[in-house]
Amino acid sequence: MEDHFKRELEDTWSVFDEFRIYKENYNTKHDIKPECVIGHFCETHEAFEKEAMQRYTKDVLKLINVQPNVKIAKEQMNGHVKELVVGH
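Residue positions are given per chain, counting from 1 as you read along its sequence in written order. Given that the model is predicted, a residue must reach a pLDDT of at least 70 before its local features are reported, and side-chain atom pairs must reach 80 or more before they are shown or counted; all residues, however, enter totals for whole chains, interfaces and linings. Water and hydrogen atoms play no part in the side-chain values, which are based on all heavy atoms of the structure.

Caption draft 1: Expanded view of the overall build of the protein. Along its length, the protein carries 2 helices and 2 strands. Numbered from the N terminus, helices here are DSSP runs of H or I no shorter than four residues, and strands are runs of E no shorter than two. Walking the protein from its N terminus toward its C terminus, one meets helices and strands in the order α-α-β-β. Considering the protein as a whole, with its 88 residues, one finds that 11% of them fall into the buried category. In this analysis, two residues are considered to be in contact whenever any of their non-hydrogen atoms come within 4.5 Å of each other. Pairs at least 24 apart in sequence give 44% of the contacts found in the protein among residues at least 6 apart. A simple rule labels every residue: compare its accessible area, found with a 1.4 Å probe on the protein chains alone, to the largest value its type can have, and call it buried under 20%, exposed over 50%, or partly exposed in between.

Caption draft 2: Summary view of the layout of surface pockets. In this structure, the largest pocket spans a volume of roughly 270 Å³. Lining the largest pocket are Phe16, Phe19, Arg20, Lys23, Glu24, Asn27, Thr28, Ile32, Pro34, Glu35, Val37 and Cys42. Note on residue classes: Ala, Val, Leu, Ile, Met, Phe, Trp, Tyr, Cys and Pro are nonpolar, Asp, Glu, Lys and Arg are charged, and everything else, Gly too, is polar. Residue composition of the lining of the largest pocket, grouped by class: 6 nonpolar, 2 polar and 4 charged. In this analysis the probe radius is 1.4 Å and the grid spacing 1 Å, with only protein atoms considered; a cavity is a set of points the probe fits into but cannot get out of, a pocket is an open set with protein on both sides within 12 Å along at least five of seven lines, and lining residues have an atom within 4 Å of a point. Grid points are joined across faces, edges and corners, and a volume is the space filled by probe spheres set on the points. The volume enclosed by the second largest pocket comes to roughly 190 Å³. For the lining of the second largest pocket, the secondary structure elements donating two or more residues are helix H1 (2–29) and helix H2 (45–60). Of all the elements, H2 adds the most residues to the lining of the second largest pocket, at 6 residues. Grouping the amino acids of the lining of the second largest pocket by side-chain chemistry returns 7 nonpolar, 2 polar and 3 charged.

Caption draft 3: Just the environment of Glu24, in detail. Considering the arrangement of structural elements, one finds Glu24 in helix H1. Among the residues examined, Glu24 registers a relative accessible area of 42% and is labelled partly exposed. Put simply, Glu24 and Glu35 are 11 residues apart on the chain and 8.4 Å apart in space, counted from C-alpha to C-alpha.

Caption draft 4: Focus on H1. To estimate the expected span of a helix, count its residues, drop one, and scale the result by 1.5 Å. Compared with the 40 Å implied by 1.5 Å per residue over 28 residues, the 40 Å span of H1 between its first and last C-alpha is a close match. Three or more residues of H1 are buried, namely Phe5, Leu9, Trp13, Asp17 and Asn27. Just downstream of H1, Asp31 is the residue with a positive phi angle, here 55°.

Caption draft 5: Representation of a nonpolar patch on the surface. Only residues whose relative accessible area exceeds 30% and that form no salt bridge are eligible for patches; like-charged ones are grouped when within 9 Å, while nonpolar side chains (Val, Leu, Ile, Met, Phe, Trp, Tyr) are grouped when within 5 Å. Working definition of accessibility: Shrake-Rupley area with a 1.4 Å probe, residue cover restricted to the visible protein chains. Between Lys or Arg on one side and Asp or Glu on the other, a salt bridge is scored when a side-chain nitrogen of the former is within 4 Å of a carboxyl oxygen of the latter. A grouping of Phe19, Tyr22, Tyr26 and Ile32 is seen on the molecular surface, where their side chains present a nonpolar patch of about 440 Å² in accessible area. The residue Phe19 is located in helix H1 in this model.

Caption draft 6: Seen up close, unusual backbone geometry. The phi torsion at Asp31 lies on the positive side, around 55°, for a residue other than glycine. By the secondary structure assignment, Asp31 is in the loop between H1 and H2. Judged by its relative accessible area of 73%, Asp31 is exposed.

Following this line, the structure appears as structure tokens:
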């Protein structure tokens, strides 16, 4: 799971960074003043990674499997005499 998270982080950063460069070039070409990103999580790769870790690792990396508690009705037991319970 951690490898997947790191790959997604790098993929997302590279798309974001490519867009940022495109936007800076566009703004320069059209005499639009540069956007101030000082202190924003998108300012550097390190800040972007830190923000992603704070937002997503606590939920993504600590997953537990949850099994549904399903009781099978008599009509579904197909002749079995013992009650079947799934998820315990």
